[in-house]
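Examination of the molecular architecture
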Amino acid sequence: MKKISAVLIGLYLVFLSFSGFAQTSQNQTFIAGDKSFLLNGKPYVIRAGELHFPRIPREYWDQRIKLCKAMGMNTICIYLFWNLHEQEQDVFDFSGQKDVAAFVKLVQDNGMYCIVRPGPYACAEWDMGGLPWWLLKKQDIQVRTAKDTFFMQRTAKYLKEVAKQLAPLQIQNGGNIIMVQVENEFAAFGNEQPYMEAVRDELRIAGFDKVQLFRCDWSSNFSKYELGGVATTLNFGAGSDIDKQFKTFQEKYPNSPLMCSEYWSGWFDHWGRPHETRSVSSFIGSLKDMLDRKISFSLYMAHGGTSFGQWGGANAPPYSAMATSYDYNAPIGEQGNTTEKFYAVRNLLKNYLQEGETLGEIPPAMPIIEIPDLS
């Protein structure tokens, strides 16, 4: 009887591992430790690829995630755009194409972690940087400041709605979300520390009370404010001198883990201007320098996709509208195709896999159609 019981217990444990129960252990941890990120107490280098689920038709979500894993990524980084989910004040929509929880779970199904960047401001060359149009109905509105009570109240309500969707998916709750960002590149806009502290606190109140929080800025401006209890990361692009980018940062935060939270693989396109590109050699060179130094990173973008409808933003001043294509000269092209840059990343990252990691198989290419000449 004891032998039979042992066999049954063994089979049950095997069943749990295949059913995904083993992945939903509530004993998982992820923190910014002493000079490195720690996953379950062990040093961990984040190799993330940024994907924006609204810029990818839902039918293609899984294929794009699999392509990122095939490049050697262990994490997917995402933005949420407030104005996509609350197009009408007090009417929130997280269904269908906007189902962020489904996307994050799909990332977990593919054996990857997730980094969430909910805003309230996102930028990302998205309409109004993700801020809802109806905020402007308040004629004296001030955005991205704690001085405007209405803006802060609406921000708090939005973050609570996001947390309803995603707080259960924090890694400490058995999900795969390892970090959540506080605002976005705020030092490029201002230096109001009370505002950043307020957004941080609202994220915690909303339900992101366990996950590691972080903020991102540039090496030239990250010192404009302090944000206690929040990891600091830097954004920069292909061809950067890695040691130079982190020099001042390491002087200020000698015990902090290093991360490039946006490693720009290319750039966005303006209407009426040539397509932006960045060479494979400069892109791979700086990426290898980070890997050799065990510096975490997120490719912005791993796959850009398309700003459908009228969701594309604009720069100002002077006014310059973004192109509908958000190809970004990324390793995965706008239609989900592999590129020279894709294979260069894959060939590099296969040499830097960590314990228990494997390089994903490249998924089959999506079928394409040919549109006949309409002239």
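See the structure shown above.
A brief structural summary. These numbers were taken from a predicted model, which means no experiment stands behind them. (Residues numbered from 1 in each chain as written. Predicted model: local features only at pLDDT ≥ 70, side-chain atom pairs only at ≥ 80, totals over all residues. Heavy atoms only, no water.)

Focus on the state of the cysteines
Put simply, the test is: The disulfide criterion is simple: two cysteine sulfur atoms within 2.5 Å. Burial classification: accessible surface area is computed with a 1.4 Å probe over protein chains only, and a residue below 20% of its type maximum counts as buried, one above 50% as exposed, and the rest as partly exposed.
The final tally for this structure, using the stated rule, is zero disulfides. With no disulfide partner, Cys77 has as its closest neighbouring cysteine sulfur the one in Cys114, 7.4 Å distant. Here Cys216 stays free of any disulfide, with the sulfur of Cys77 as its closest cysteine sulfur at 8.7 Å. Residue classification places Cys216 among the buried residues on the basis of a relative accessible area of 1%.

Comments concerning the sheet that holds strand 4 (residues 47-50)
As a reminder of what qualifies: For two strands to be treated as a pair, DSSP must find no fewer than two bridges joining them. The way it works is that DSSP assigns letters per residue, a run of H or I at least four long becomes a helix, a run of E at least two long becomes a strand, and they are numbered from the N terminus. Interaxial angle, 0 to 180 degrees, is taken between N-to-C directions of lines fitted to C-alpha atoms, where a helix line uses only the stretch in contact.
Read around the barrel, eight strands follow the order 4-5-6-7-8-9-10-11 and close on themselves; strand pairing throughout is parallel. Strand-to-strand, the axes of this sheet are offset by a mean angle of 30 degrees, without reference to chain direction. Sheet topology places strand 7 (residues 177-181) next to strand 8 (residues 212-217); three bridges connect them, and they run parallel. If you follow Gln181 over to strand 8, its bridge partner there is Phe214.

Structural notes on the packing of helix 2 (residues 61-71) against helix 4 (residues 100-109)
To describe two helices that pack against each other, one gives the angle between their axes and the distance between the axes. Heads up, the rule is: Roughly parallel here means an angle under 35 degrees, roughly antiparallel means over 145, roughly perpendicular means 65 to 115, and every remaining angle is called oblique. Rotating anticlockwise by less than a right angle from the far helix to the near helix defines a left-handed crossing, while the corresponding clockwise rotation defines a right-handed one. Contacts: residue pairs with any heavy atoms within 4.5 Å of one another.
In the contact formed by helix 2 and helix 4, the axes pass within 10 Å of each other and the chain directions differ by 40 degrees. Of the possible angle classes, the one that applies to helix 2 and helix 4 is oblique. Considering the relative orientation of helix 2 and helix 4, their crossing is right-handed. Contacts between helix 2 and helix 4 pair Trp61, Asp62 and Ile65 from the former with Ala102, Phe103, Leu106 and Val107 from the latter.

Focus: the pattern of salt bridges
Applicable threshold: The salt bridge criterion pairs a side-chain nitrogen of Lys or Arg with a carboxyl oxygen of Asp or Glu, the two atoms within 4 Å.
Under the defined criterion, the tally for this structure stands at 22 salt bridges. Measuring nitrogen to oxygen at the nearest pair gives 3.2 Å for the salt bridge that ties Arg117 to Glu50. Of this pair, Arg117 sits in strand 6 (residues 113-117) while Glu50 sits in strand 4, and the two are 67 residues apart along the sequence. Just as Arg117 is buried, Glu50 falls in that class too. Here Asp93 ties to Lys98 by a salt bridge, and the two come within 3.4 Å at their closest N and O atoms. If you follow the salt bridges from partner to partner, you end up with Glu86, Asp90, Arg154 and Lys157 in one network.

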